[in-house]
Amino acid sequence: MKPIALTGIKPTGRPHIGNYLGMYRPALSLMENYLGMYFVADYHALTSLNDPAMLQSLVYEVAASWLALGLDPEEHIFFRQSDIPEIPEFTWILSCFTSKGLLNRAHAYKAAMDENLALGHDPDEGINAGLFYYPVLMAADILLYGSDVVPVGLDQKQHIEITRDIAEAFNRTYGEVLKVPEGLIQESVMKVPGIDGRKMSKSYDNTIPIFAPEKELRKRVMRIVTDSKRPEDPKDPTNDNLFALLQFFASPERIEEIRQLYVNGGAAYGTLKKELAELILSHFSDAREKFNTLIEDKPYIDKVLMQGAEKAREMGKPYLKAARKATGID
Ligand code: ADP
Ligand code: TRP
């Protein structure tokens, strides 16, 4: 059997080109040599999204994105996290092998705590335990199926390390029961900048959503923040987010030409933004068409996800059984 590549994405916003370059594309490129297990992480979304209608609609958007970008649900396993009842059960078992100190140091929790401290509040104010437990749930996602590799963007690196720690702690206690996975993080696309120059992220409202209507997508690209240099002024391409984004979509020859325009003068931001919008629209033109058809067919998406969940549960059961047996619960 092929090794397993597994990854998930939270339905907390519309998929963007940072997600595409950092996760969707690397994950989908593994489909030839791996069995892909790709899912919509709706339990994870619940730590921050409390609007039921919004959650449901984003689950469909994220699911349709996977399919539109080329996930083959017949050959691979495509599902929704909350359709796997084994996940919360396994999360509990794993939590008993997770040192609390490790979770105290997890980036998302630490960031939320630091924000409170900066405001002079109680460090845990407004922080739900789900956010604290987030890495354990993610470890359950990965370890339940004996995943070999986990393609993710750089921001998920610590979560993969925590997952490995948890698996190793469990194995130290009971022998080699759980497979210790490897993270797969591509250097070149690990941190795609958003339109404001920070990491592109749903939480910063600085994204270029892949499947937004054309007019909106163009508008987002035109809002990319640049400095006030005139076209004829020489510019430094190295720390320029417009240039960084162009690099992901233009041909190598064109990138070189644009680089020269930056260095020698002649790069007009407005014109280059229009070029970037065209490049993005043409890169995703097939996917955007597929997405628009899929998003109108929710019963189809439901069916695909249900079938995927059945397959995923079959994959997970032996691992959960082995873990239960090892602990003495079974
Ligand atoms: P967001 O930060 O927008 O909420 P998620 O946390 O849902 O995105 O991330 C889903 C996947 O996309 C993860 O594997 C993550 O590492 C990757 N990813 C998100 N933003 C970027 C980015 N700007 N550059 C590269 N990869 C990213
Ligand atoms: N935490 C990941 C993110 O924010 C999403 C995720 C949940 C995930 N479970 C996973 C990624 C398991 C890889 C493997 O992007």
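Rules used throughout
Residues numbered from 1 in each chain as written. Chains lettered and ligands numbered in written order. Predicted model: local features only at pLDDT ≥ 70, side-chain atom pairs only at ≥ 80, totals over all residues. Heavy atoms only, no water. Near = heavy atom within 4 Å. Polar contact = N/O pair within 3.5 Å; in protein donor to acceptor, adjacent residues only side chain to side chain. Areas by Shrake-Rupley, 256 points an atom, 1.4 Å probe, with all protein chains shown as cover. Helix = DSSP H or I, 4+ residues; strand = E, 2+ residues; numbered from the N terminus. Nonpolar A, V, L, I, M, F, W, Y, C, P; charged D, E, K, R; others polar. Buried < 20%, exposed > 50% of the residue type's maximum accessible area, 1.4 Å probe, protein only. Contact = heavy atoms within 4.5 Å. Domains from an automatic or database assignment. Buried area = accessible area lost by both parts, 1.4 Å probe. Salt bridge = Lys/Arg side-chain N within 4 Å of Asp/Glu carboxyl O.

The next subject is the site of ligand 1. Inspection of the region around ligand 1 gives 19 residues, with H16, G153, D155, V192 and K202 positioned closest. Here K202 contributes a backbone N or O atom positioned 2.7 Å from an oxygen atom of ligand 1. Relative to its unbound accessible area of 540 Å², ligand 1 is 95% covered by the protein chains. Looking at the shell around ligand 1 element by element, the count peaks at 4 residues for helix α1 (residues 17-29). Per-class residue counts for the shell around ligand 1 are 7 nonpolar, 7 polar and 5 charged.

What follows concerns the environment of H283. As for its placement among the helices and strands, H283 is situated in helix α12 (residues 269-283). We classify H283 as partly exposed; its relative accessible area is 37%. Residue contacts for H283: discarding those within four places in its chain leaves Y20 and F249. Only 2.9 Å separates the side chain of H283 from the side chain of Y20, close enough to count as a polar contact.

Where interface size is given, it is often the accessible area lost as the parts come together that is meant. As assigned here, the protein chain comprises domain 1 (4-191 + 298-327) and domain 2 (212-283). Of the residues lining the interface, 6 residues belong to domain 1; the matching set on domain 2 comes to 7 residues. Across the domain 1 to domain 2 interface the summed buried area is about 540 Å²; carbon plus sulfur atoms make up 68%. The three residues of domain 1 that bury the most area against domain 2 are R14, I17 and L21, which together make up 66% of that side's buried surface. Counting across the domain 1 and domain 2 interface gives 1 salt bridge. Taken together, the connections running from domain 1 to domain 2 amount to 2 residue pairs in polar contact (both at pLDDT 80 or more). Residues of the side of domain 1 that touches domain 2, tallied by class, amount to 4 nonpolar, 1 polar and 1 charged.

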